[in-house]
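Descriptive structure summary
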Amino acid sequence: MQTVIGDAQLEFLEDLRSYLDDLDPDLVEATRRENIEDPMQPREHGRRFLRRLAADGRLGVSWPTEHGGQGRSELEHWLFAEELYSRRLPNGLLTLNVVGPTLALMGDEAQRAEYLPQILAGDIVFAIGYSEPDAGSDLAALRTRAVRSGDEYIVNGQKMWTTGGSVATHYWLAARTGAPEDRHRGISVFIVPMDAPGITVTPIITQGGERTTAVFLDDVRIPVSQRIGGENEGWAAVVCALNFERMFFHNEPRWELRQLADWAAAADLLEGDTAAAHSLQETIGEHAVDVEICRLFALRGASMLTEGVVPMAEASANKIWWGELRQRICDTGLDHIGVTGTIAHGSPHAPAHGHLEHGLQSSPVWRFGGGTNEIQLDIIAEQRLGMPR
Ligand SMILES: Cc1cc2nc3c(=O)[nH]c(=O)nc-3n(C[C@H](O)[C@H](O)[C@H](O)COP(=O)(O)OP(=O)(O)OC[C@H]3O[C@@H](n4cnc5c(N)ncnc54)[C@H](O)[C@@H]3O)c2cc1C
């Protein structure tokens, strides 16, 4: 399998960059600030920004034209998401990059017709409800129960770590429709409006300030038409969506590295023929190589998607490398900044605008988000190396 960015992709990227450069600077700046503060939840400006892109026909890069997309390759979709990410602008994270493509593959005609245009218009935002208090890595243990009653399911249970739960309009929900011992063969996936009666969302603030939520479901009624695929056959949609999600852990380490390099240059740490300056330059150079490796992992996955293969081990490798590298880069920064490095982001006195402090604080959290790194290692061992489960 080749990873090729050819003339068509470069042209696409150039056009996208000049479009973004020409966008209303007030909208871009407000969105950027909001997004740096909390990249996982497009709020007021993020929603406005995505709607603007939608109105200009910029969303749905790889989606089929019959669903209102641009009909381009997954590689171009990935480049689009990366470009926005690198500018610290929202790229439609879970909605456009995870739920949308999974729905396009696994939803029925009516579901595609109902939701895909709304996603492409920037009108709806999804949160994802898999994890529960006693079901995280072992997701097949989930207990939120959906019981069929005529043309509806009645759902009861609790979800944990639903990121974006307080701003989402819709929920991509995994619930048990079979017996607990059926494990992953007894799970169905549904789409539910977040304002459906019986849904309560409470905030959870994690280390580093990343926001997520707990969601309680009490007698929530979901029409059968909102089930994705057959009853008890939701696991395939969960796995597919998770692999899309791990592919879109993005090249954030490039941003952290920029912060580190800019801070070191401003602090004159790279100047002069000293052992310390050489050593820091070398470390920054090593991180830069690792940032490129991170991008290659992701590009490889994007190329596979272009060829119709959902990346498994590749998505896991991308996710691990991304998270660990981000932590290493921030670590280097704070080691060199010293004690003032602990001044929290948000303070005007925080060195490197607090980005490295924030990155280091939130890094351990992201070893969990999207599935823990230990579980990703298992997936790589099984899928890539053919080792037994
Ligand atoms: C910031 C953030 C955002 C999140 N967003 C969402 C979201 O939007 N939607 C959603 O559904 N979930 C979300 N999650 C939940 C995330 O997917 C889970 O945290 C993750 O799957 C781990 O589950 P757990 O927290 O229950 O930990 P556990 O599964 O209890 O794991 C605890 C520790 O044990 C290790 N462990 C467990 N099983 C094994 C094993 N078999 N082999 C080796 N080690 C193992 C884990 O690696 C981990 O270190 C989010 C989590 C975070 C932190």
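Residues numbered from 1 in each chain as written. Predicted model: local features only at pLDDT ≥ 70, side-chain atom pairs only at ≥ 80, totals over all residues. Heavy atoms only, no water.

Notes on the overall build of the chain
For the chain, the count of helices and strands is twelve helices and eight strands. The principal-axis extents of the C-alpha atoms in the chain amount to approximately 75 × 45 × 40 Å. The long-range fraction of contacts in the chain, counting pairs at least 24 apart against all pairs at least 6 apart in sequence, stands at 71%. In the form shown here, the chain has an accessible surface area of approximately 17,200 Å², with 52% of it arising from carbon and sulfur atoms. Each charge class in the chain can be summarised by its mean position, and for the 34 positive and 56 negative side chains these summaries are 4 Å apart. (Helix = DSSP H or I, 4+ residues; strand = E, 2+ residues; numbered from the N terminus. Contact = heavy atoms within 4.5 Å. Areas by Shrake-Rupley, 256 points an atom, 1.4 Å probe, with all protein chains shown as cover. Lys, Arg positive; Asp, Glu negative; His and termini not counted. Charge placed at Lys NZ, Arg CZ, Asp CG, Glu CD.)

What to know about the domain arrangement of the chain
In terms of domain boundaries, the chain breaks down into domain 1 (7-91), domain 2 (128-233) and domain 3 (249-384). Averaged C-alpha coordinates put domain 1 and domain 3 at centres separated by 22 Å. Every contact between the two is made by 13 residues of domain 1 and, on the other side, 15 residues of domain 3. Three residues stand out in domain 1 for area buried against domain 3, namely Trp 78, Tyr 85 and Arg 88, and they jointly supply 40% of the buried area on that side. Taken together, the connections running from domain 1 to domain 3 amount to one salt bridge. In this structure, Arg 295 and Glu 82 form a salt bridge, with 2.7 Å as the shortest nitrogen-oxygen distance. Linking domain 1 with domain 3 are three residue pairs in polar contact (both at pLDDT 80 or more), by the criterion used here. Going through the elements one at a time, helix 2 (25-37) and helix 4 (74-86) are the ones with two or more residues in the side of domain 1 that touches domain 3. The residue inventory of the side of domain 1 that touches domain 3, partitioned by class, reads seven nonpolar, two polar and four charged. (Domains from an automatic or database assignment. Buried area = accessible area lost by both parts, 1.4 Å probe. Salt bridge = Lys/Arg side-chain N within 4 Å of Asp/Glu carboxyl O. Polar contact = N/O pair within 3.5 Å; in protein donor to acceptor, adjacent residues only side chain to side chain. Nonpolar A, V, L, I, M, F, W, Y, C, P; charged D, E, K, R; others polar.)

Brief notes about the packing of aromatic side chains
Tallied over the entire structure, the rule returns four aromatic pairs. With 6.3 Å between their ring centres and 70° between their planes, Tyr 115 and Phe 126 make a pair best called edge-to-face. With Tyr 115 in helix 6 (residues 109-120) and Phe 126 in strand 1 (residues 126-129), this pair connects stretches of sequence that are eleven residues apart. Note that Arg 58 overlies the ring of Tyr 19, its terminal NZ or CZ placed 4.2 Å from the centroid. The positively charged end of Arg 328 is found above the aromatic ring belonging to Trp 321, 5.4 Å away from the centroid. (Phe/Tyr/Trp six-rings, centres within 6.5 Å; stacked < 30°, edge-to-face > 60°. Lys NZ or Arg CZ within 6 Å of the ring centre and 35° of its normal.)

Some details on the nonpolar core
In globular proteins that are soluble, nonpolar side chains generally tend to be buried together. One finds Phe 49, Leu 53, Leu 59, Phe 80, Phe 126, Tyr 130 and Trp 172 to be the most contacted residues of the largest nonpolar core, which totals 77 residues. The element that contributes the greatest number of residues to this core is helix 9 (residues 275-306), accounting for eight residues. Residues contacting Phe 49, with those up to four places away along its chain left out, are Leu 20, Leu 23, Leu 27, Thr 31, Leu 84, Leu 89 and Pro 90. Counting 19 residues, the second largest nonpolar core, distinct from the first, contains Ala 146, Tyr 153, Leu 173 and Val 192. (Core = buried A, V, L, I, M, F, W, Y, C linked by side-chain atoms within 4.5 Å. Buried < 20%, exposed > 50% of the residue type's maximum accessible area, 1.4 Å probe, protein only.)

Brief notes about the site of the ligand
Close to the ligand lie 18 residues; Ser 137, Trp 161, Thr 163, Thr 372 and Glu 374 are nearest. Note that a nitrogen atom of the ligand is positioned 2.8 Å from one of the backbone N or O atoms of Ile 128. When the ligand sits alone it has 960 Å² of accessible area, and the protein chains cover 68% of it. Per-element accounting of the shell around the ligand gives the leading share, three residues, to helix 12 (residues 373-384). Grouping the constituent residues of the shell around the ligand by class yields seven nonpolar, nine polar and two charged. Counting contributing residues per domain, the shell around the ligand is built from domain 2 (128-233) and domain 3 (249-384), each supplying no fewer than three. (Near = heavy atom within 4 Å.)

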